[in-house]
Every structure is written in structure tokens, then in C-alpha cells.
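# Fold and contact review
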Amino acid sequence: MKAVLISKPGSAENLVLGDIIRPVPGPNELLVKVKATALNRADILQREGKYPPPPGTSELLGLEMSGIIEETGQNCKGWSTGQSVFGLLSGGGYAQYATIDYRMALPKPEILSHEEAAAIPESFLTAFQALVWLARIQPDESVLIHAGASGVGTSAIQLAREMGAHIFVTAGSDEKIKKCLELGAEFGTNYKNRSFFEPLMEATGEKGIDVIIDFVGEPFWDQNIEALATDGRIVILATMGGSEIPRFSLRQLIRKRATITGSTLRNRPLYYKIDLTRSFTEFAYPLLKSGRIRPVIGRIFSWEDVVQAHRYMEQNLNIGKIVLRVTD
Ligand SMILES: NC(=O)c1ccc[n+]([C@@H]2O[C@H](COP(=O)([O-])OP(=O)(O)OC[C@H]3O[C@@H](n4cnc5c(N)ncnc54)[C@H](OP(=O)(O)O)[C@@H]3O)[C@@H](O)[C@H]2O)c1
């Protein structure tokens, strides 16, 4: 089969289409003919050799896919060839065929194209994990979602909206803020023009924010702590702006009864990801089926243009997800 290969760790130009052996599904796995996959920031790190795949998983890029079942392992009851499915992978989505544990596969809703379905798993499961499992967000609480127009950000806004939260965002352009407001955010700050702390305190009547989902790290740390309400929770999912905090008084955490959590998804054990997929499905599948929530797709590239797709992400140009259409 054809797959996107990394000729040597480094820049986007090192991604090439090549031939490798098709994966063989295990007893609990479906073999899927991939129609679309989507980009994640982790793909860039893996391409650069800074984020090796967890042991025992595919060496290929691609943390999610949508496609058509080609073969079913002997334990995959309830699934049949020809069915359209999508789901989260530990790797292997940038290929014509991928295997997925049947307990992590979801039937593709009719209303969604393969390109849309492929854009769901990583960003929506990450956002759901952060908002529900880690921050335990409650209706009417306030949530600040940084990088609001990112893949994870646009998913988090929609989920938080459906959970009845008051949503605040930061993003790096007015166009990105506008998209976040359309999705359900009440207020957005272009962090490149001004700090977000003062407007958020004013918007929350000086109460501060109950839940903060952060991907930026050091540049936002002081403002995050200042803007956090009593009993607030911060979930740190990435440190795109830096990870070292030079000086910090722990007293602030005690005073606010704050909870600060970091998390990952890819290297979680299989049982955790199966449980997370189930929990997400219970809440979100009816909303996906009815079209109430829908992945935001910034741009679709043919997988032959994977180099341009990676460059597009590296330039922070995307609003929502970047999708690769996989063809024969
Ligand atoms: N821990 C986990 O479980 C987990 C899971 C999935 C993803 N992630 C991480 O979450 C982050 C978002 O992922 P994604 O796929 O949704 O990304 P994405 O769609 O590529 O969007 C990332 C956006 O972040 C903003 N950004 C980049 N550098 C920044 C900086 N230094 N300061 C402030 N904003 C910055 C940019 O938008 P602006 O124009 O608004 O600046 C950029 O477009 C990534 O770092 C990814 O690795 C973590």
C-alpha cells in the first residue's frame, strides 16, 4: 500500500509518498481503507524526530482517520466489511489502510463526509477529556479556551457550549476570534494586541474563570493564575509558547484552592482510550448525528500535497482542522 513516509527526521519536505506492507488486523481490530486523515501538531514533532510513537504502535504519522472497513478481526462482533467508520489511532492514519481496535471505532454518521469524520477523534476526544474528565466542568461555569481557533479549541468551544458553560477564548487574529464567537464563545481576546486578564475579570464581574484549557504555557501563566476563580481548574495540554516558569508563589494555589493538571492522550493505555471513546460517544454522538456539533475544517489537502499541509499548520494559518484526502 501507499503511505506518507518520513525520509529523514526534519522539515516538511522530508515527507514522501512511498510503498510499505499493508497492516494485518489482529483479532480485535478492523482493517480500514482510509479515505481521509487529519493533521495534529504532534505529527510535526514526530516528523522532526521529537515525538516517537509509543512502543508497539504504527511508525507512520496519523492519529485519526475515516474510511471503509475492508476486513474484520475474529472478535469484532457487530462490524462488517463495507461499513464506514472513523476513530482515534495511535499512528498509521497517513496511509491507504490502517488498523483500529473495534472498541475505538465509531460508525460514521451519514450527515458527515469522510473528511469531516476524520477531523473529529483527536481534537474532540482531547477537548472532552479536558473539560469533562479532568476539569469536571459544570453548567453555568465559565471556561477560558486558549488557541480558541485551533483544532482542539474549536472542538472544546462546541462541547462546552452544549454543556451550558460560558465560553471565553484567546486567539491570534480577529478572524479567528470571529469564528470562535460564531461557534458559541461569548467573548474573545486577540492576545497579540492586549492582555486577556483585565477584560476577562470585567466580563466575569471580577469573579474570574472556573476552568482554563491551556496550550500556551509560560507566556500565559501569570495571567491564567490571576484570572482563575476560587476552586478553579487549569488543564495544561501543551506549552507552545514555553514551559519554564521562572518564579511562582505556591501560596496563590492555596489561596484560590486551585487544581492544575497536565495531560496527554496518545500514550494513554488502550483501556483508557476505549473508556474515553465510550464516554464521549454517549454525550456527543447524538449531537454529531444531528449536526449540532460539527468539526471545523480549515482546509482540505490531497495527501499528495502533505508537505504544503504541514507547512500550513506550521504557519498557524488554520482555523479548525487540516484534513488530508487519501486516494489510490
Ligand atoms: N495533551 C494532549 O492530550 C493533546 C492532544 C491534542 C493536541 N494537543 C496539543 O494542543 C495544541 C493544539 O493542537 P491543535 O492540533 O488543535 O493545533 P492547531 O490546530 O495547529 O492550532 C494551534 C494554534 O495555536 C496557536 N499558537 C501556536 N503557537 C502559539 C503560541 N506560542 N502562543 C499562543 N498561541 C499559539 C496558533 O493560533 P493563534 O493564531 O491563535 O496563535 C495555532 O494556529 C498543540 O500544541 C497540540 O500538540 C495536546
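Counting of residues starts from 1 at the beginning of each chain's written sequence and follows it residue by residue. In view of the model being predicted, local features appear only for residues whose pLDDT reaches at least 70, and side-chain atom pairs are presented and counted only at 80 or more, with totals across whole chains, interfaces and linings using the full set of residues.

So, about the packing of helix 3 (residues 121-134) against helix 4 (residues 151-162). Note on definitions: angles span 0 to 180 degrees between N-to-C directions of axes, and those axes are lines fitted to C-alpha atoms, for helices only across the stretch in contact. Secondary structure follows DSSP: runs of H or I at least 4 residues long count as helices, runs of E at least 2 residues long count as strands, and numbering of each begins at the N terminus. Where helix 3 contacts helix 4, the axes come no closer than 8 Å and their chain directions differ by 55°. Regarding the angle of helix 3 to helix 4, the classification is oblique. For helix 3 against helix 4, the interelement crossing comes out right-handed. Residue-level inspection shows Ser 123, Phe 124, Thr 126, Ala 127, Phe 128, Ala 130 and Leu 131 of helix 3 in contact with helix 4, the latter providing Gly 151, Val 152, Ser 155, Ala 156, Leu 159 and Ala 160. The residue classification treats Ala, Val, Leu, Ile, Met, Phe, Trp, Tyr, Cys and Pro as nonpolar and Asp, Glu, Lys and Arg as charged. All others, Gly included, are polar. Its residues assigned to classes, the contact of helix 3 with helix 4 shows 9 nonpolar, 4 polar and no charged. Oblique is the label for every angle not falling under 35 degrees (roughly parallel), over 145 degrees (roughly antiparallel), or within 65 to 115 degrees (roughly perpendicular). Crossings are classed by handedness, with left-handed meaning an anticlockwise turn of the near helix from the far one by less than a right angle and right-handed meaning a clockwise turn. The contact criterion used here is simple: two residues whose C-beta atoms, placed from the backbone, lie within 7 Å are in contact.

Further remarks concern the nonpolar core. Membership of the largest hydrophobic core comes to 98 residues, with the highest contact counts inside it found for Val 32, Val 143, Ala 156 and Leu 324. It is helix 3 that provides the largest number of residues to this core, a total of 7 residues. Built from parts of two domains, this core gets at least three residues from each of domain 1 (2-120 + 287-325) and domain 2 (123-262). Setting aside residues up to four positions removed in sequence, Ala 156 forms contacts with Ala 127, Ala 130, Leu 131, Ile 145 and Ile 213. Nonpolar cores are built from buried Ala, Val, Leu, Ile, Met, Phe, Trp, Tyr and Cys residues. These are joined into a set through C-beta atoms within 7 Å. Partly exposed residues are those falling between the two cut-offs: more than 12 but fewer than 20 other C-beta atoms within 10 Å of their own, whereas 20 or more means buried and 12 or fewer means exposed, with C-beta atoms placed from the backbone. Segmentation of the chain into domains, including their bounds, is taken from an automatic or database domain assignment.

It is worth spelling out the environment of Ser 150 at this point. Tracing the chain through its elements places Ser 150 in the loop between strand 8 (142-145) and helix 4. Given 27 C-beta atoms within 10 Å, Ser 150 falls into the buried group. Considered as a pair, Ser 150 and Gly 320 are 170 residues apart in the sequence and their alpha carbons are 5.0 Å apart.

Turning our eyes to something else, we now look at the domain arrangement of the protein. What the domain assignment lists for the protein is domain 1 (2-120 + 287-325) and domain 2 (123-262). At the junction of the two partners, domain 1 supplies 10 residues and domain 2 supplies 12 residues. Considering only residue class, the side of domain 1 that touches domain 2 consists of 7 nonpolar, 2 polar and 1 charged.

Here we come to the site of the ligand. Nearness is defined per residue: the C-beta atom, placed using the backbone, must lie within 6 Å of the molecule or strand. By nearness alone, 27 residues border the ligand, and Arg 41, Ser 150, Gly 151, Gly 172 and Ala 238 come closest of all. For the shell around the ligand, the element with the highest residue contribution is helix 3, accounting for 3 residues. Of the residues in the shell around the ligand, the class split is 12 nonpolar, 12 polar and 3 charged. When residues are assigned to domains, the shell around the ligand turns out to be shared by domain 1 (2-120 + 287-325) and domain 2 (123-262), each giving three or more.

Two strands are said to pair when DSSP picks up at least two bridges between them. Both strand 11 (residues 209-214) and strand 12 (residues 228-236) contribute to a ladder of 5 bridges, which runs parallel. Following the sheet pairing, Val 211 is matched in strand 12 by Arg 233. Each parallel crossover has a hand, and the one from strand 11 via helix 7 (residues 218-227) to strand 12 is right-handed. Viewed with both strands pointing away, a crossover whose connecting path from the first strand over the helix to the second turns clockwise is right-handed.

Taking strand neighbours across the sheet as the criterion, the 6 strands line up as 10-9-8-11-12-13 in an open arrangement whose pairing is parallel. Looking at the sheet topology across the chains shown, the edges are occupied by strand 10 (187-190) and strand 13 (259-262). For this sheet, the mean angle separating the axes of adjacent strands, direction not counted, is 15°.

A few words now on helix 7. Among all positions in helix 7, only Phe 220, Trp 221, Asn 224, Ile 225 and Ala 227 are buried. One side of helix 7 carries all its buried residues, which in axial view fall inside an arc of 160°. Buried positions along helix 7 lie against strand 8, helix 6 (197-203), strand 11, strand 12 and helix 8 (251-256). The reported arc concerns the directions from the helix axis to the C-beta atoms and nothing else.

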